[in-house]
Amino acid sequence: MRLLASLLLPLALLTQEPKKVALFSPLPGNMASGHNPMTDPKVKLGRMLYYEP
Amino acid sequence: MSCNSCHDLEKYGVDSMPTSRGFKGQIGGRNAPTVYNAAGHLAQFWDGRADDVEAQAKGPVLNPGEMGMPSKAEVEYRLERIPGYVELFKQAFPGEPKPVNFHNMAQAIAAFERGLVTPSRFDRFLKGGGGLSPQEAKGYQEFQAAGCASCHNGPYMGGNSYKKLGQMKPWSNESDPGRIAVTHLDKDKMVFKVPSLRNIEKTGPYFHDGKIQTLDEAIKLMATHQLNRNLTNEQVADIGAFMKSLTGDIPKAYIAKPELPR
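Residues numbered from 1 in each chain as written. Chains lettered and ligands numbered in written order. Predicted model: local features only at pLDDT ≥ 70, side-chain atom pairs only at ≥ 80, totals over all residues. Heavy atoms only, no water.

(A) Expanded view of the interface of chain A and chain B. Counting residues at the interface gives 38 residues for chain A, matched by 65 residues for chain B. At the boundary of chain A with chain B, total buried surface from both sides reaches about 4400 Å², with 69% on carbon and sulfur atoms. Interface area lost by chain A to chain B is led by Met31(A), Tyr50(A) and Tyr51(A), which between them contribute 21%. Glu52(A) is the salt-bridge partner of Arg262(B), the closest N and O atoms lying 2.8 Å from each other. For the pair chain A and chain B, the number of links is 14 residue pairs in polar contact (both at pLDDT 80 or more). If you list the elements that add at least two residues to the side of chain A that touches chain B, you get helix H1 (2-15), helix H2 (18-21) and helix H3 (40-51) of chain A. With 11 residues, the top contributor of residues to the side of chain A that touches chain B is H3(A). In the side of chain A that touches chain B, the residues fall into 22 nonpolar, 10 polar and 6 charged. (Contact = heavy atoms within 4.5 Å. Buried area = accessible area lost by both parts, 1.4 Å probe. Salt bridge = Lys/Arg side-chain N within 4 Å of Asp/Glu carboxyl O. Polar contact = N/O pair within 3.5 Å; in protein donor to acceptor, adjacent residues only side chain to side chain. Helix = DSSP H or I, 4+ residues; strand = E, 2+ residues; numbered from the N terminus. Nonpolar A, V, L, I, M, F, W, Y, C, P; charged D, E, K, R; others polar.)

Pasting the structure below:
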């Protein structure tokens, strides 16, 4: 019985609050910006510079 | 030293120090925030003094307390002496008459940082692809009921607003006045960017001064000083459990250290 309750609890909590779920959203795949496009050569160079001592 | 010295990509983008050390071993004034998921924030640094990661990437290089390079010209001179970098800048900024320059250095670092995202179980939950554990789900409800989500919301669970630290009860240490140093407006005294809770389990110690060692203590302090609430130990544990569902996957292939041109 306790096991069943523990499985159902999350569902019960979350279905009670559909509006609050809208406060959050998944991470995007990347954080690209129109003013600095993530081209492959630029990202490759940036990765090297990030580690450059 | 490199960007990775203070923002170690293998360690969730932090150095786990209260405040970082500069190139001479000097101690910095603020905790190094993680670079993961940071490019999506409304601004950079604890006080928001850089509009974006492109502007941010220029700061530490010339900061005498961090990397301590004497000038932009010196940075450019050093890069131009490495043929491999000259070629890579040409490829990254095609058609530019002088691609090796300080501005482009920051643009390239920022472009790389814009790919540093760490999706977690919470993202999979939001997409309907998986559940939270019972304690995490309880913590998720407690998190919202306590009011944490009034500041920590959106895809980054923060990073999208500024708030006064000590909104309901004054913060114990006001030696760093925060954003007022940027705006010179009284209303910004003790105001800081709301940090993201993404990977918060892995990015301590906490707050702008790195004075708080544990996540539980950070949760209690936030409840008291920002929300005027006293949480029970059980509530703190539940909220902490929920926050751990925000620990994401490090993109190992994306961050793999390349062989550097010489």
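(B) Summary view of the layout of surface pockets. Residues and elements named next belong to chain B. Put simply, the second largest pocket is a space of about 400 Å³. Looking at the lining of the second largest pocket, the elements with two or more residues in it are helix H4 (72-80) and helix H6 (102-113). Among the elements that take part in the lining of the second largest pocket, H4 stands out by supplying 3 residues, more than any other. The class makeup of the residues in the lining of the second largest pocket is 12 nonpolar, no polar and 3 charged. (1 Å grid on protein atoms, 1.4 Å probe; cavity = no way out; pocket = protein on both sides within 12 Å on 5 of 7 lines; lining within 4 Å. Points joined across faces, edges and corners; volume = space filled by probe spheres on them.)

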